[in-house]
Amino acid sequence: MHDGPAPPARARPVPRDEEVTRVVRCPFCRAADSRVVDSREADEGSAIRRRRACQACGQRFTTVEAPSLLVIKRSGVTEPFRRDKVLAGVRKACQGRPVTEDALAALAQRVEQDVRARGVAGIASDDVGRAILTPLHDLDEVAYLRFASVYRAFEFLADFEAEIALLRLEREPGPPADDRHEPEVHDLGPPAGAAVPAPPPTGARASGGAPAP
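Residues numbered from 1 in each chain as written. Predicted model: local features only at pLDDT ≥ 70, side-chain atom pairs only at ≥ 80, totals over all residues. Heavy atoms only, no water.

Draft legend 1. Focus on unusual backbone geometry. Its identity is not glycine, yet R30 carries a phi of approximately 65°, on the positive side. Within the fold, R30 resides in the loop between β1 (20-21) and β2 (34-42). With relative accessibility at 52%, the residue R30 sits in the exposed group. (Helix = DSSP H or I, 4+ residues; strand = E, 2+ residues; numbered from the N terminus. Buried < 20%, exposed > 50% of the residue type's maximum accessible area, 1.4 Å probe, protein only.)

Next up, the structure:
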């Protein structure tokens, strides 16, 4: 009987990307062994799309892998960032508006690229909301106003009126370049300190001759 501490378990080598990966389960047979047969960038480099082959049933399936990003809510609770959650919130704001699904998908992708480009492991939910407001403003002003009223917690009619006033101010064009008049120049006399010519003598001729009799 061995009274000393048990020897530590021998660590198993981590398989390389081209070999067997024991993280993703096959959606067909639920087996844990799969082999990566192809890898390509997705979403402009923010994720990697991998084509895998199940070692148990032989079926092939695709996975999309992206760096982990946590959203920190106001209560302090964290949850993984999900593009589909952004898409659901924007879709609700755009309900009844002439906005296509392709435009919504492009907006959600733009928001994800924005927050992931910051290079942080966790981001506040308020920052995610601000990242949504800018592209939504460009997409549809009514949907923007709906989303802003929830995100900024509007409570009074004055809150909506103030936001609408800002939208109207942004839409007002400035004066055209052709309508800009040159400032009028008035003859205010010689500058201060300048010599003032003396008036001609009384009765002198304009030609400089002798005075009139």
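From this point, the narrative continues.
Draft legend 2. Spatial organisation of the packing of aromatic side chains. Enumeration over the complete set of coordinates arrives at two aromatic pairs. Judged by centre distance (6.4 Å) and plane angle (20°), the ring pair of F147 and Y151 falls under stacked. Residue F147 and its partner Y151 are located together in helix α4 (residues 141-151), separated by four residues, close to a single helical turn. The exposure class assigned to F147 is buried, which follows from its relative accessible area of 16%. Ring geometry for F154 versus F160: centroids 5.1 Å apart, planes at 80°, classification edge-to-face. (Phe/Tyr/Trp six-rings, centres within 6.5 Å; stacked < 30°, edge-to-face > 60°.)

Draft legend 3. The arrangement of the nonpolar core in detail. Judged by nonpolar contacts, the single largest core of 26 residues is most densely connected at F81, V86, V90, C94, I132, L136 and F147. Residue assignment for this core shows that the elements contributing at least two residues are α1 (83-93), α2 (101-116), α3 (125-139) and α4. Setting aside its immediate chain neighbours within four residues, V86 contacts F81, A108, V111 and I132. (Core = buried A, V, L, I, M, F, W, Y, C linked by side-chain atoms within 4.5 Å. Contact = heavy atoms within 4.5 Å.)

Draft legend 4. Geometry of the pattern of salt bridges. For the structure on display, the rule yields 14 salt bridges. Here E65 makes a salt bridge to R50, at a shortest N to O gap of 2.9 Å. Here the residue E65 occupies a position in strand β4 (residues 60-65), and R50 occupies one in strand β3 (residues 47-54), the gap between them amounting to 15 residues. The exposure class of E65 is partly exposed, given its relative accessible area of 29%. Looking at R50, the relative accessible area reads 12%, which means it is buried. (Salt bridge = Lys/Arg side-chain N within 4 Å of Asp/Glu carboxyl O.)

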